[in-house]
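Read off the chains here:
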Amino acid sequence: MLAAIPDPAADPSLRDLIAARPNLKYDAMAGLLLDGVPLAGIADAVGTPTWVYSAAAMRGRYRHLTGAMTDAGIDLHVHYAVKANDGRAVLDLFNRQGAGADVVSGGELRKVLNAGFPASRIVYSGVGKAEAELRLALEHDIGQINIESAEELAMIAGLATTLGRQARIALRVNPDIDAGGNDKITTGRATDKFGIAYSDAAMLYAHAATLPGITPVGLATHIGSQVLTLAPYRAAFRRLADLVVTLRGRGLPVETVDCGGGLGIPYRNEPAPSPTGLAGTIKAAFHNLDVRVVIEPGRWLVGPAGVLLASVVLVKQAPGMRFIVLDAAMNDLVRPAMYDAWHGIVPISAIDAAQPTQPATVVGPVCESGDTFARSRQLPPLARNARVAILDAGAYGVVMSSTYNARPLAAEVWVEGDRWSVIRDRQPVEALWAREHLPA
Ligand code: LLP
């Protein structure tokens, strides 16, 4: 199921978009502020396109999430899904909060180790961990490796034995539940490549317990991303809880249940579940099982904490159409092109924001019609060089960027209190060919 293009009549107004985002507000003179810092000043100094993140938003969201779990009386361990945004500053922030990390590649594993995450707080998921990546995980003795197939279990048992290591593994179970979101990011159906079939899980867990080099510690699942209702979680967790009971009934120890990530955010001010709601769902499923609960949120923690600043290159009028052409493009933020994702787009200038709106199509300069950020979007008249902020760009933004059309990677800026600093320089154009060689 692909997300349909949303009905523009149901779009929130600029005012409603800002009102729903506590870190953003307009100042009549300075324009749009992120935690009190004028975004226009950042754009003037660093240029555009530029990603800007609020440290306060990330920290606040982390505390909100863990607070909701504590209030529900859950023994919880948050493993930040670093794929959402693996910038050094972001990793450092969550490490200081005491979070663990959920990684899906040797590169991410190296990044979080380099950022100082203790190996014991690292979980490694993914359907195709290469031998060298598994070896790296074993050599660092990371906290947990989520196994996604019988084939992978055999591979890791062999490696662990050779290396003289003991691998703490969880079986990632595919609960065959449709999380109801975008087809491309739904992961818990039997036809998805992820996890071990529910019907095979108990047998494989028992088998794992007999293998040298393997210590099964529990079960994991992850049903998808940008999940907007609790019902699929409820169904998946119930299946997992049943499996815990079955395994224990066979005398097999199960300490940990890893509930995955996926908690959605209201990009379009649509109803979305709260951490309290998720906590209630976890509690309902596992409260009498005495398990250690892990969650792997990515988007919920960082998505709303970031914006992508862009400038208007020109406004192109065509019969019945107004195209606002930005200097940011699908190579920077690919989500609209890739998933038909809806992102709020707001002017930086308070004067622009106060003008009456008209429909516009907001595009980037890349040579593909898919390089479209928004269609039929109500926006004020925006002149050349006007700035806009594309909202909720903190997750799956910079990490999915490319240099398509030889467009260097954008700069990144960190806002901490009333100060800001560049955390990643804009890529110099020479870097685009620096590692190329003419054939011998
Ligand atoms: N755990 C596992 C095993 C995952 O595969 C993912 C995301 C997460 C946790 C974190 O999910 P989150 O809480 O962020 O929803 N590029 C897409 C999203 C891909 C998500 C992939 N897996 C997007 O831009 O919407």
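Note that the structure is a prediction, hence the values are computed from the model and not measured.

Participant: Sorry if this is basic, but what is going on with the overall build of the protein chain here?
Facilitator: From N to C terminus, the protein chain includes 13 helices and 21 strands. Taken against the 2.2 N^0.38 rule, which gives 22 Å for 440 residues, the C-alpha radius of gyration of the protein chain at 23 Å falls within 12% of a compact globule. Its C-alpha atoms put the protein chain at 70 × 60 × 40 Å along the principal axes. A buried classification covers 55% of the 440 residues belonging to the protein chain. By sequence separation, contacts in the protein chain at least 24 residues apart represent 71% of the contacts at least 6 residues apart. With an accessible surface of roughly 18500 Å², the protein chain has 54% of that area assigned to carbon and sulfur atoms.

Participant: Explain the packing of helix α6 (residues 131-139) against helix α7 (residues 150-163) to me, please; I cannot follow it from the model alone.
Facilitator: Geometrically, a packed helix pair is captured by the angle between its two axes and the distance between the axes. It is the contact of α6 with α7, at a shortest axis distance of 10 Å, that shows an interaxial angle of 50°. Between α6 and α7, the crossing angle belongs to the class labelled oblique. Crossing angle aside, the handedness with which α6 passes α7 is right-handed. For the pair α6 and α7, contact is made by E131, L134, R135, L138 and E139 and by E152, M155, I156, L159, A160 and L163, respectively.

Participant: Which parts of the structure should I look at to understand the pairing of strand β15 (residues 321-326)?
Facilitator: Within a regular strand, side chains alternate between the sheet's two faces. Two elements, strand β14 (residues 306-318) and β15, share six bridges in a ladder whose sense is antiparallel. Residue V315 lies in a different strand from β15, and its bridge partner there is I324. Where β14 folds back on β15, the antiparallel hairpin that results is connected by two residues, among which G320 adopts a positive phi of roughly 70°. Here three bridges tie β15 to strand β17 (residues 358-363), and the two strands are oriented parallel to one another. Note that in β17 the partner of F323 across the bridge is T361.

Participant: What exactly am I supposed to notice about the site of the ligand here?
Facilitator: The ligand sits among 19 residues. The nearest are S225, E296, R299, R335 and Y396. Between the ligand and D102 there is a distance of 3.4 Å, counted from a nitrogen atom to a side-chain nitrogen or oxygen. The contact in question runs from an oxygen atom of the ligand to an N or O atom on the side chain of Y396, over 2.6 Å. Protein contact buries 91% of the 590 Å² of open area that the ligand shows by itself. Residue classes in the shell around the ligand are distributed as six nonpolar, seven polar and six charged. When residues are assigned to domains, the shell around the ligand turns out to be shared by domain 1 (14-54 + 303-432) and domain 2 (72-297), each giving three or more.

Participant: Whenever I open this one, the pattern of salt bridges confuses me. Can you help?
Facilitator: Side chains that differ in sign of charge can pair as their charged atoms come close. In this structure the tally under the stated criterion is 16 salt bridges. Between R59 and E416 there is a salt bridge, and its shortest N-O distance comes to 2.7 Å. Of this pair, R59 sits in helix α3 (residues 55-71) while E416 sits in strand β20 (residues 411-416), and the two are 357 residues apart along the sequence. Given the relative accessible area of 35%, E416 is considered partly exposed. Here R424 and E412 are joined by a salt bridge, their closest N and O atoms 3.1 Å apart. In this pair, R424 sits in strand β21 (residues 419-424) while E412 sits in strand β20, placing the two residues twelve residues apart along the sequence. Residue class for E412 comes out buried when judged on its relative accessible area of 5%. Shared partners join several salt bridges into a network, and the residues in it are D11, R268 and R377.

Participant: Before we go on, may I ask you to explain α7 in this structure?
Facilitator: For α7, spanning 14 residues, the distance from its first C-alpha to its last is 20 Å, which sits close to the expected 20 Å at 1.5 Å a residue. Of the surrounding elements, those touching the buried residues of α7 are α6, β8 (144-147), β9 (167-174), α8 (198-210) and β11 (214-220).

Participant: Teacher, can you tell me more about the sheet that holds strand β2 (residues 31-34) here?
Facilitator: Each strand in a sheet pairs with another by means of backbone hydrogen bonds, the pair being arranged parallel or else antiparallel. The three strands lie next to each other as β1-β2-β3, forming an open sheet whose pairing is antiparallel. Pairing within the sheet leaves two strands with one partner each, and these edge strands are β1 (24-27) and β3 (37-38).

What counts as what
- Residues numbered from 1 in each chain as written.
- Predicted model: local features only at pLDDT ≥ 70, side-chain atom pairs only at ≥ 80, totals over all residues.
- Heavy atoms only, no water.
- Helix = DSSP H or I, 4+ residues; strand = E, 2+ residues; numbered from the N terminus.
- Rg over C-alpha atoms; globule rule 2.2 N^0.38 Å.
- Buried < 20%, exposed > 50% of the residue type's maximum accessible area, 1.4 Å probe, protein only.
- Contact = heavy atoms within 4.5 Å.
- Areas by Shrake-Rupley, 256 points an atom, 1.4 Å probe, with all protein chains shown as cover.
- Axes fitted to C-alpha atoms, helices over the stretch in contact; angles between N-to-C directions.
- Parallel < 35°, antiparallel > 145°, perpendicular 65-115°, else oblique.
- Left-handed = near helix turned anticlockwise from the far one by under 90°.
- Pairing = 2+ DSSP bridges.
- Near = heavy atom within 4 Å.
- Polar contact = N/O pair within 3.5 Å; in protein donor to acceptor, adjacent residues only side chain to side chain.
- Nonpolar A, V, L, I, M, F, W, Y, C, P; charged D, E, K, R; others polar.
- Domains from an automatic or database assignment.
- Salt bridge = Lys/Arg side-chain N within 4 Å of Asp/Glu carboxyl O.
- Expected span 1.5 Å × (residues − 1).

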